[in-house]
Amino acid sequence: MKRLIRTILAAASSRGVPPIVVGLFFLIYIGIAFFTDETLIALMALTGKSVILAVLLALIPLNSALRLLMETGRFLKKRKMFKEKATEAIPEQFDEMVELPASPHFAGLERRFAAVGYKTRRTENALAAWRGFTVFPARILFLAGTFCLFTGILISVTTRASHRQMVIEGEPMPTPEGIGGTVKRIALAKSNGLILARALTIEVAPSYSGEMDRIFGIYPPSLYRGSFVYPRYLGLDLLLQFSAPDLPGGYLKHIILNCYPPGKEDSKTISGSPYRIVFTIPEPEPSSDRYISYMARDKTLQFKLLKGEELLFSGSAPVGGEFARDGYRMAFPEARRLVVTDYIGDYGVFFIWATALFFFVAAVIWLPLRTFFPRKEMLFRYDDSGIMKAFSGSEGGRRAHAGIFHEALDLLGAGKIDTTDA
């Protein structure tokens, strides 16, 4: 039973697990690509619905966790080897192991190793020598980052929930769990950031005593009442008043216009009539910026009135004003800014953010240590049988380290080591 468990753990912690799993998903991705253009979205949806694919994906974080535990165990065992009373060694933890009949003339070896920059520790029948710093912390951080990355992906594809809502100035903030505070203002302004040219913010007043005002931007997404807030599209909530000679009752209703940026058209059909109105926000002057037209409170709207496919006329009117012609009347008593907003319930995002931090810190640690201070280790152990076992390992500068190690072996084998203590 123990052998079976060890076999399973060895297979689950193998370095080959991640590339095999990723390769299988890549093959599935290629297969899906023959049937839809939304290949990645379809693959994520399929993984979220399939228990088999979810378990397959879970093998990668499981592999990372097992490797993290095994790497930690190996590191602690090796650390004990280099302590004064620890003389046992595991060959798998070194790059090279050599056995030779030799006497433990460690005093001479100590002086030779010290002369080339190695620190040493000697016991009665063992000598350890090392220099530099291990990149073990970077390996552990890399494995932790890999674990977080695929755990986050697994959580996202299996539990992610998305809800789209209209966030309108002056109205309560809608959320999947109910209603939040009142939306005080939707603002669009120039941004000094490196990526985005515009900064979009939604200011929300508190819905109960003790809660503070909240401001939501485009990135990074903010968490509000259990969901991440992702503003998507700008538009207008327009109160439209319309009457025509053959529409005596008139029409008065709030309509939603997806008409940003300025110049973009959106049309609305007057229910119960043959009329359709196409709206645009006028393009600003060439010297002005587009967001100015959208943010202006006294903005003007351009429109075209169609009856069926026939264009009756076109015109414009300011918000708060009206337009009348040939018995037709159109007025815009009120226009409020809105943002089409996605509320995403996705706690895998936290793991993705942790991944970026782990990978960054791992790179910062690994690069200088691996380049300038690589860890180099040697362990010589003599037992009662008259056989000396020598172990060598290096994380960098292997050629120079191997030269020093083999020179020591040659001197030991030839009995040319100075046996007097300094």
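Check the entry above for the structure.
Keep in mind it's a predicted model, so treat the numbers as computed, not measured.

The rules we used
- Residues numbered from 1 in each chain as written.
- Predicted model: local features only at pLDDT ≥ 70, side-chain atom pairs only at ≥ 80, totals over all residues.
- Heavy atoms only, no water.
- Helix = DSSP H or I, 4+ residues; strand = E, 2+ residues; numbered from the N terminus.
- Rg over C-alpha atoms; globule rule 2.2 N^0.38 Å.
- Buried < 20%, exposed > 50% of the residue type's maximum accessible area, 1.4 Å probe, protein only.
- Contact = heavy atoms within 4.5 Å.
- Areas by Shrake-Rupley, 256 points an atom, 1.4 Å probe, with all protein chains shown as cover.
- Lys, Arg positive; Asp, Glu negative; His and termini not counted.
- Charge placed at Lys NZ, Arg CZ, Asp CG, Glu CD.
- Phe/Tyr/Trp six-rings, centres within 6.5 Å; stacked < 30°, edge-to-face > 60°.
- Lys NZ or Arg CZ within 6 Å of the ring centre and 35° of its normal.
- Axes fitted to C-alpha atoms, helices over the stretch in contact; angles between N-to-C directions.
- Parallel < 35°, antiparallel > 145°, perpendicular 65-115°, else oblique.
- Left-handed = near helix turned anticlockwise from the far one by under 90°.
- Nonpolar A, V, L, I, M, F, W, Y, C, P; charged D, E, K, R; others polar.

**Describing the overall build of the protein**
Consideration 1: When helices and strands are counted, the protein shows nine helices and 19 strands.
Consideration 2: For 422 residues, the compact-globule estimate of 2.2 N^0.38 gives 22 Å, and the protein exceeds it by more than 25% at 35 Å.
Consideration 3: Among the 422 residues that make up the protein, the fraction classed as buried is 40%.
Consideration 4: The long-range share in the protein, meaning contacts at least 24 apart out of those at least 6 apart in sequence, stands at 59%.
Consideration 5: Accessible surface computed for the protein: about 23600 Å², of which carbon and sulfur atoms make up 59%.
Consideration 6: With 50 positive and 40 negative side-chain charges, the protein shows a spacing of 5 Å between the two charge centroids.

**A word on the packing of aromatic side chains**
Consideration 1: The full count for this structure, using the stated rule, is 20 aromatic pairs.
Consideration 2: Ring plane angle 75° and centroid distance 5.2 Å describe the contact between Phe303 and Phe323, whose orientation is recorded as edge-to-face. Here Phe323 lies in strand E16 (residues 322–325) and Phe303 lies in strand E14 (residues 300–307), a separation of 20 residues in the sequence. Taken individually, Phe303 and Phe323 each receive the classification buried, so the pair is uniform in this respect.
Consideration 3: The rings of Phe242, Tyr275, Phe279, Phe303, Phe313, Phe323, Tyr328 and Phe332 are connected pair by pair, giving a single aromatic cluster.
Consideration 4: Across from the ring centre of Phe94, 4.9 Å away, lies the NZ or CZ of Lys78, which sits over that ring.

**Regarding the packing of helix H5 (residues 106–115) against helix H9 (residues 398–414)**
Consideration 1: In contact at an axis separation of 11 Å, H5 and H9 are set at 155° when each is read in the N-to-C sense. One way to sum up the angle between H5 and H9 is to call them roughly antiparallel. Crossing of H5 over H9 shows right-handed handedness. Residues Leu109, Arg112 and Phe113 of H5 form the contact with H9, whose participating residues are Ile404, Glu407, Ala408, Leu411 and Leu412.
Consideration 2: Per-class residue counts for the contact of H5 with H9 are six nonpolar, no polar and two charged.

**Concerning the environment of Met330**
Consideration 1: With respect to the helices, strands and loops of the structure, Met330 is situated in strand E17 (residues 328–345).
Consideration 2: Residue classification places Met330 among the buried positions, given a relative accessible area of 2%.
Consideration 3: The spatial distance from the C-alpha of Met330 to the C-alpha of Gly23 is 61 Å, given a sequence separation of 307 residues.

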